[in-house]
Amino acid sequence: MTDSNEPDIADVADFQLEFADLPALLKAWRAEAGAKLGRKRPLPQKEVAHRMGTSERWYRALESGAHVPLTLDTLTGLADALDLGPDERTALYWYRLTEVSDDEQPKGGDGRITRLKEFVDAQTAFPAYLIDHAWNILAYNGLMAGWFPWVREPQANLMRWVLEIPESRDQIIDWRQQASLYLAQLRFTLVRRPDDPTLKRLLAGALRDPACREVWDAGPRIIAFRQGGKFRLSLPHVSPTELVVTSQVLLPAYHPGARFVALMPA
């Protein structure tokens, strides 16, 4: 599960910037907007500006990375002009709401993490686990460990297992589709936490794999939160037949970035 040859953060700089900073996202979203309109080229900057009711000069400055005023009304107009979906809009708004931070973690002595772990362990009807913002496994119940023994390993990480460990490609049916969804979530989290070293290492490790690199390069797909995601699993040590589950995700209060996930029958 763990890899002693983790990529150095210095190797991640170019990877992290591709389709993750605002100018790159805007360029990619213009290309997607053009495709949605049946055109063979991206939506021109001039047309985006016209749709927003602003000047082409202002939009060019924004896409070039210049510091320009961004009100919520402006971002809404930009999202409408580019015909963005809800996840892309959420990512876009994070560039304006810089005062909102989910970096503050509860103090170690307040017992909240312990109670969350006890809650996870108490689940006996279905596999359940708790992860932090970087998909590190914080807690898991007995069923989760029975289905996926790797969660017992030190520094177990769900994203790394899905994208880097060969075992996952045998156990996750339609692995490529699931990898695309995980990378889309990683891209969104990098928008929110562009300097997080753990996220950078996750991306660098994934992009060393040609299949993951191909998915990443395919376009700027972004998923903010995945609720009710459907998984088809091949786990012969659990069931002789295919298992189909959905992931039900809860966001614990007072522990920003953490997610409680239960794998329930589809």
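Residues numbered from 1 in each chain as written. Predicted model: local features only at pLDDT ≥ 70, side-chain atom pairs only at ≥ 80, totals over all residues. Heavy atoms only, no water.

**Comments concerning the pairing of strand 6 (residues 259–265)**
The buried fraction of strand 6 amounts to five of the seven residues, a majority that puts the element mostly inside the structure. Summarising the sheet, strand 1 (residues 128–131) and strand 6 pair through four bridges and their orientation is antiparallel. Bridging across to strand 6, Leu130 finds its partner in Phe260. Here strand 5 (residues 243–250) pairs with strand 6 via six bridges, running antiparallel. The residue bridging Thr246 from the neighbouring strand is Met264, located in strand 6. (Buried < 20%, exposed > 50% of the residue type's maximum accessible area, 1.4 Å probe, protein only. Helix = DSSP H or I, 4+ residues; strand = E, 2+ residues; numbered from the N terminus. Pairing = 2+ DSSP bridges.)

**Looking at the pattern of salt bridges**
Evaluation of the coordinates by the stated rule reveals twelve salt bridges. Its salt-bridge partner being Asp209, residue Arg169 comes within 3.1 Å of it at the nearest N-O pair. Highlighted residues: Arg169 in helix 10 (residues 166–171) and Asp209 in the loop between helix 12 (197–207) and helix 13 (210–217), separated in sequence by 40 residues. Judged by relative accessible area, Arg169 falls into the partly exposed class, the value being 29%. Across the pair Asp217 and Arg213 runs a salt bridge whose closest N-O atoms are separated by 3.1 Å. With Asp217 and Arg213 both in helix 13 and four residues apart, this pair spans about one turn of that helix. Overall, the relative accessible area of 38% leaves Asp217 in the partly exposed class. Members of the salt-bridge network, linked through shared partners, are Arg39, Glu47 and Arg51. (Salt bridge = Lys/Arg side-chain N within 4 Å of Asp/Glu carboxyl O.)

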